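If you want the building blocks of each chain, they are given just below.
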Amino acid sequence: MRHDRRRDKAESTRAEMPGPPQRVGDGIAESMGSVRPTCAEPAETIADEASMLMEQVVHRENMLAAYRRVVRNKGAAGVDGMTVHGLWGFCQAHWEGVREQLLDGAYCPQPVRKVEIPKPGGKGVRMLGIPAVLDRMIQQALLQVLTPIFDPTFSEHSYGFRPGRSAHQAVRSARSHMAAGHRWVVDMDLEKFFDRVNHDVLMARVARRVKDRRVIVLIYRYLRSGMMEGGVVTPRREGTPQGGPLSPLLSNILLDDLDKELERRGHRFVRYADDCNIYVRSKRAGERVLRRLERYLRDRLRLTVNRVKSAVDRPWNRSFLGYSVTVHRQPKLKVATESVRRLKEKLRGAFRRGRGQNLGRLIGDLAPQLRGWVAYFRLSEVKGVFDRLDEWIRRKLRRVLWKHWKRSRTCVRQLVRRGIARDLAYRTAYSGYGPWRCAGFSAMHRAVPTSTLRNLGLVSLIEEHQRFARTY
């Protein structure tokens, strides 16, 4: 009888997949906005809706929004090999059965595909779990329904993976704490957070606000779904691997207890996902806070603080979300040294791949990376790093061109053709130095001036930063 009542209610809001979207080129034309939160309902209907969340998950408009988001995000295929382009055809043939399984609480997710990607700086690997495309769509639909339930309850000091919040807001908040005189930071790192989440602890916190048992069971099955590597499925007893749309929300649900504890103790802090910085007035206070939080996380949330990466230090000796600060009483934001090093490592790979390319094509490939990088660091108030990076990139490009020329006599001919006196061209080409040293000689600067590189499409970081400063 219980299942029949639910099924009858579901029939009134039949969750059929929408008509096929218009395909344009290789993409899908869409005009989807963000899913609007549910309007306030009369008090007598709240209990019913709390136990009927799955009907909201499989509702036509919610699934349409989830489908579009998954297609827009693209992403790799899961264990079944289905890509986002095959999702529509699969739903046409099988969605009705999948929907019935979801409503009956019988749906079982597929295992996730294990992928390991290197961490920045060669510091080991990060494990990702790539769900099947269908499971990504269902997780996205869950996320759209659960976010309006949980997000309003989260702390104002939590900024990661939340609508209307960003890393830039977190960085500005951190700077305000330093400017207020809290010039010591407890930089706390959770050891393998996404791999060590305790399922029982997490589900207890989900169940505080979700009363539909089908939704709770489905989330639990996503947590416990095995991980496939080399054709072998390994059961998972803990963790919520990165790669699925639901993982960021689940991490915020778990760590919200930490936020509330920090607020109860009156601490100034900023948290972005599992990156948490607490700002205090002295080193002694910071060490005391770190000890107590370590004990709290171990006993209450079953999480471990990584003592090697965690520290009590001055903020200008640490980085937060890629930024650092100056030592001034009113600190200024700057790009962290580690962020500059990571960009150079990434660009070095592009320069190596571009040795056999036309210089204009190589510069065109670099442009999106450079624009994206400077857009993220547009809050930086220390501009010298952008000038130095511009100079380094130009020299790297001249080095690529020098290596294209290969032989010394070719270098002489190319320099002369670009207006360099023959004796200077000869001394430069036969100097005996390597390509990097030769790329810094005045002859190369005059032969391949900055204006030439700019005409080929080279992005100037300092000019991009100044443009953002005028419009931000």
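Data block above holds the structure.
What comes next concerns the included structure. (Residues numbered from 1 in each chain as written. Predicted model: local features only at pLDDT ≥ 70, side-chain atom pairs only at ≥ 80, totals over all residues. Heavy atoms only, no water.)

## Thoughts on the overall build of the chain
Link 1 in the chain: For the chain, the helix and strand inventory stands at 21 helices and 12 strands.
Link 2 in the chain: Relative to its full complement of 472 residues, the chain shows a buried share of 47%.
Link 3 in the chain: Entry remark: accessible area of the chain is about 23,800 Å², with carbon and sulfur atoms responsible for 48%. (Helix = DSSP H or I, 4+ residues; strand = E, 2+ residues; numbered from the N terminus. Buried < 20%, exposed > 50% of the residue type's maximum accessible area, 1.4 Å probe, protein only. Areas by Shrake-Rupley, 256 points an atom, 1.4 Å probe, with all protein chains shown as cover.)

## Some words on the environment of Ala447
Link 1 in the chain: For Ala447, the location among the structural elements is in helix 19 (residues 442-447).
Link 2 in the chain: Ala447 sits in the buried class, given a relative accessible area of 8%.
Link 3 in the chain: Once the C-alpha coordinates of Ala447 and Gly419 are considered, the two residues, 28 residues apart in sequence, prove to be 6.7 Å apart.
Link 4 in the chain: Those residues in contact with Ala447 that lie beyond four places of it in its chain are Leu415, Arg418 and Ile420. (Contact = heavy atoms within 4.5 Å.)

## Describing helix 10 (residues 213-224)
Link 1 in the chain: Here helix 10 spans 16 Å end to end across 12 residues, near enough to the 16 Å set by a 1.5 Å rise per residue.
Link 2 in the chain: Here helix 10 has its buried residues at Arg214, Val215, Leu218, Ile219, Tyr222 and Leu223. (Expected span 1.5 Å × (residues − 1).)

## Things to note about the sheet that holds strand 6 (residues 227-229)
Link 1 in the chain: Taken in spatial order, the four strands of this open sheet run 4-3-6-7, and their pairing is mixed. What marks the edges here is a single partner per strand, and that holds for strand 4 (125-130) and strand 7 (232-234). Strand-to-strand twist in this sheet, taken as the mean axis angle between neighbours without regard to direction, amounts to 40°.
Link 2 in the chain: Taken together, the three bridges between strand 6 and strand 7 define a ladder with antiparallel strand orientation. Following the sheet pairing, Met227 is matched in strand 7 by Thr234. (Pairing = 2+ DSSP bridges. Axes fitted to C-alpha atoms, helices over the stretch in contact; angles between N-to-C directions.)

## Considerations on the packing of aromatic side chains
Link 1 in the chain: With the rule as written, the count across this model stands at 12 aromatic pairs.
Link 2 in the chain: Arranged with centres 5.8 Å apart and planes meeting at 45°, the rings of Tyr323 and Tyr376 form a pair that is tilted. In this pair, Tyr323 sits in strand 11 (residues 323-325) while Tyr376 sits in helix 14 (residues 359-376), placing the two residues 53 residues apart along the sequence.
Link 3 in the chain: Seen from their ring centres, Tyr376 and Phe377 are 4.9 Å apart, and the 90° between their planes marks the pair as edge-to-face.
Link 4 in the chain: Under the relative-accessibility criterion, Tyr376 is labelled partly exposed at 28%.
Link 5 in the chain: Members of the aromatic cluster, joined through ring pairs, are Tyr323, Trp373, Tyr376, Phe377 and Phe386.
Link 6 in the chain: Arg165 extends its terminal NZ or CZ atom over the ring of Tyr159, reaching a point 4.9 Å from the ring centre.
Link 7 in the chain: It is Arg378 that lies over the ring of Phe468; its NZ or CZ is 5.7 Å from the centre. (Phe/Tyr/Trp six-rings, centres within 6.5 Å; stacked < 30°, edge-to-face > 60°. Lys NZ or Arg CZ within 6 Å of the ring centre and 35° of its normal.)

## A look at the pattern of salt bridges
A pair can form between side chains of opposite charge whenever their charged atoms are brought close.
Link 1 in the chain: As enumerated under the stated definition, the model contains 23 salt bridges in all.
Link 2 in the chain: When the shortest N-O distance is used, the salt bridge between Arg264 and Glu261 registers 2.7 Å. Note that Arg264 and Glu261 are positioned in helix 11 (residues 247-264) at a spacing of three residues, about one turn of the helix.
Link 3 in the chain: In this structure, a network of salt bridges that share partners links the residues Glu338, Arg341, Arg342 and Glu345. (Salt bridge = Lys/Arg side-chain N within 4 Å of Asp/Glu carboxyl O.)

## Thoughts on the sheet that holds strand 9 (residues 275-280)
Link 1 in the chain: Overall, antiparallel pairing links the four strands, which are arranged 8-9-5-10 in an open sheet. Across the chains shown, the open sheet's two edge strands, defined by having one partner strand only, are strand 8 (268-272) and strand 10 (311-313). Averaged over neighbouring strand pairs, the angle between their axes works out to 15° when direction is ignored.
Link 2 in the chain: The sheet contact formed by strand 5 (residues 184-189) and strand 9 spans six bridges and is antiparallel.

## Regarding the environment of Glu156
Link 1 in the chain: Tracing the sequence through the fold places Glu156 in the loop between helix 6 (133-150) and helix 7 (167-179).
Link 2 in the chain: The spacing of Glu156 and Glu263 is 107 residues in sequence and 9.9 Å in space, taken between C-alpha atoms.
Link 3 in the chain: What Glu156 contacts, discounting residues up to four positions off in sequence, is Arg165 and Glu263.

## Observations concerning helix 13 (residues 337-353)
Link 1 in the chain: Compared with an ideal rise of 1.5 Å per residue, which puts 17 residues at 24 Å, helix 13 spans 25 Å between its outermost C-alpha atoms and is within 8% of the ideal.
Link 2 in the chain: Those residues of helix 13 that sit buried are Ser339, Val340, Leu343, Leu347, Gly349, Ala350 and Phe351.
Link 3 in the chain: Where helix 13 is buried, its residues touch strand 12 (333-335), helix 14 and helix 15 (384-405).

## Description of the nonpolar core
Link 1 in the chain: Counting residues in each nonpolar core, the largest one holds 69 residues, and the members touching the most others are Met137 and Ile278.
Link 2 in the chain: The element best represented in this core is helix 6, accounting for 10 residues.
Link 3 in the chain: In terms of nonpolar packing, the next biggest core, distinct from the first, is built from 61 residues, Val171, Val325, Ala375 and Val459 among them. (Core = buried A, V, L, I, M, F, W, Y, C linked by side-chain atoms within 4.5 Å.)

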